[in-house]
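The residues making up each chain are set out below.
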Amino acid sequence: MRNLCKEIGVFTPYYNVVKSEAEAKKITKKIKYPLILKPIENQSSQGVFKIDNDKQLSYFFPLTLKHKRNHNSILIEKFIEGEEYTVEGFKVYDKHHCLAISKKTHFSGFPTIASSLLYQPLNQNGIFKNLIKQNDLFIEKSKLPFGITHAEYKYMDGKFYMIEVAARGGGSKISSHIVPIVSGVDVNKKLINLALGKKIKTIKVKGTGYFVLLHFFNFKPGYVLKRTSEDFINSFNFVVDFEYGFNLKDILKNITSDSNRHAYVIIKSKIKEELELNLNIIKNLIKLKYD
């Protein structure tokens, strides 16, 4: 991914592959803190840490190594400040189509764990026009034959830096629920048809005018005895989907990655200001009883 970015002129953070803490410390002298440590193979931000000094490097390096899979090396890269965006798309017939863009925020104190993604109606003017053009170029040059795409970027000093990209939908029902609401395109159905060898019509992205918020919850740790039912939260007409990430009588632990966030809700509205109001309604309705 990083090599292709360099070849076609897509900005990407400076990075290096290291096998030891000593190698990592040599890199810090070249690119300076803050930096990111991440496994070469993993998901859901597991083993991904932002580090600001040598002491943190020594602490987090072995934790990142624990999350490695088939590689004995890990990535160390420059942390890019600025706003973070995700781009959802679909590649078919040599053309990539941008279907939804979100602005991502993170939990306080956890710069690698997403707390919310705000999707708004596609606007191909301004910075989004440049982001769409850049992302389309990368996917079309990647030789991906067809499929759903999910890319993440940081925006700093007028430039979009590609952080990562994958030939899959985003987690937490982004491809199945959010993308069709924002774009009007059922990408999962199209993916299945193409995988079965069927031809599909050229994609036309008209947009629906919906804003969509994907919000994640961080509850107090403890042994959970009771909770507000999922069915009750899902009964509200502005709720697309709500789901807990734990079962009753589980010991709820502190969040350490995207994979163990405590719950999520997807809310839609054609009025952006309503999203926050409706989110507060849901927050006030969720009650957990601990032992």
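The preceding data block contains the structure.
Just so we're clear, the structure is a prediction, and the values are computed from it rather than from any experiment.

## Digging into the overall build of the protein
(1) Moving on: Secondary structure summary: the protein contains eight helices and 15 strands in total.
(2) Moving on: For 291 residues, the compact-globule estimate of 2.2 N^0.38 gives 19 Å, and the C-alpha radius of gyration of the protein, at 20 Å, lies within 12% of that figure.
(3) Moving on: Its C-alpha atoms give the protein principal-axis dimensions of roughly 55 × 55 × 40 Å.
(4) Moving on: Residue burial in the protein is summarised as follows: out of 291 residues, 44% are buried.
(5) Moving on: Within the protein, counting contacts between residues at least 6 apart in sequence, those at least 24 apart form 68% of the total.
(6) Moving on: Carbon and sulfur atoms provide 50% of the accessible area of the protein, an area that totals close to 15300 Å².
(7) Moving on: Side chains of the protein give 46 positive and 28 negative charges; the mean places of these two sets differ by 3 Å.

## Comments concerning the environment of Lys29
(1) Moving on: Residue placement: Lys29 occurs in helix α2 (residues 21-31).
(2) Moving on: Judged by its relative accessible area of 65%, Lys29 is exposed.
(3) Moving on: As for Lys29 and Phe246, which are separated by 217 residues in sequence, their C-alpha atoms are 42 Å apart.

## Let's talk about the sheet that holds strand β10 (residues 211-217)
(1) Moving on: Pairing within the open sheet is antiparallel, and its eight strands lie in the order β9-β8-β5-β6-β7-β10-β14-β12. Every interior strand has two partners, whereas the edge strands, β9 (159-166) and β12 (239-244), have only one. If you compare each strand with its neighbour and ignore which way they point, the axes differ by 20° on average.
(2) Moving on: As judged from the seven bridges shared by β10 and strand β14 (residues 263-269), these two strands associate in the antiparallel manner. Bridge pairing in β14 places Val212 opposite Lys268.
(3) Moving on: Against the sheet, helix α6 (residues 187-195) contacts β5 (83-92), β6 (95-106) and β8 (147-156), and its axis sits at roughly 40° relative to β5.

## Regarding the pairing of strand β7 (residues 114-119)
(1) Moving on: The element β7 is largely enclosed, with a buried count of five among its six residues.
(2) Moving on: The pairing of β6 with β7 spans five bridges and is antiparallel. Across the sheet, the residue bridging to Thr105 is Ser116, located in β7.
(3) Moving on: The pairing of β7 with β10 spans four bridges and is classified as antiparallel. By the bridge assignment, Leu118 is partnered in β10 with Leu213.

## Observations concerning the side chain of Ser73
(1) Moving on: Topologically, Ser73 is positioned in the loop between α3 (54-66) and β4 (74-78).
(2) Moving on: Not counting the four nearest positions on each side in its chain, Ser73 is found in contact with Val17, Val18, Lys19 and Ile40.

## Details of the packing of aromatic side chains
(1) Moving on: Throughout the structure, instances matching the rule amount to 15 aromatic pairs.
(2) Moving on: Taken together, a centroid distance of 6.0 Å and an interplanar angle of 70° make the contact between Tyr85 and Phe160 edge-to-face. Residue Tyr85 is found in strand β5, and its partner Phe160 is found in strand β9; the two are separated by 75 residues along the sequence. Accessibility assignment for this pair places Tyr85 and Phe160 in one class, buried.
(3) Moving on: Taking 6.4 Å as the distance between ring centres and 85° as the angle between the ring planes, the aromatic pair formed by Tyr153 and Phe160 counts as edge-to-face. Phe160 matches Tyr153 in its accessibility class, with the two residues each being buried.
(4) Moving on: Through a chain of ring-to-ring contacts, three or more aromatic side chains come together here, namely Tyr85, Phe128, Tyr153, Tyr155 and Phe160.
(5) Moving on: Over the face of the ring belonging to Tyr15 we find Arg2, whose NZ or CZ atom lies 5.3 Å from the ring centre.
(6) Moving on: Across from the ring centre of Tyr290, 4.5 Å away, lies the NZ or CZ of Lys220, which sits over that ring.

Rules behind the numbers
Residues numbered from 1 in each chain as written. Predicted model: local features only at pLDDT ≥ 70, side-chain atom pairs only at ≥ 80, totals over all residues. Heavy atoms only, no water. Helix = DSSP H or I, 4+ residues; strand = E, 2+ residues; numbered from the N terminus. Rg over C-alpha atoms; globule rule 2.2 N^0.38 Å. Buried < 20%, exposed > 50% of the residue type's maximum accessible area, 1.4 Å probe, protein only. Contact = heavy atoms within 4.5 Å. Areas by Shrake-Rupley, 256 points an atom, 1.4 Å probe, with all protein chains shown as cover. Lys, Arg positive; Asp, Glu negative; His and termini not counted. Charge placed at Lys NZ, Arg CZ, Asp CG, Glu CD. Pairing = 2+ DSSP bridges. Axes fitted to C-alpha atoms, helices over the stretch in contact; angles between N-to-C directions. Phe/Tyr/Trp six-rings, centres within 6.5 Å; stacked < 30°, edge-to-face > 60°. Lys NZ or Arg CZ within 6 Å of the ring centre and 35° of its normal.

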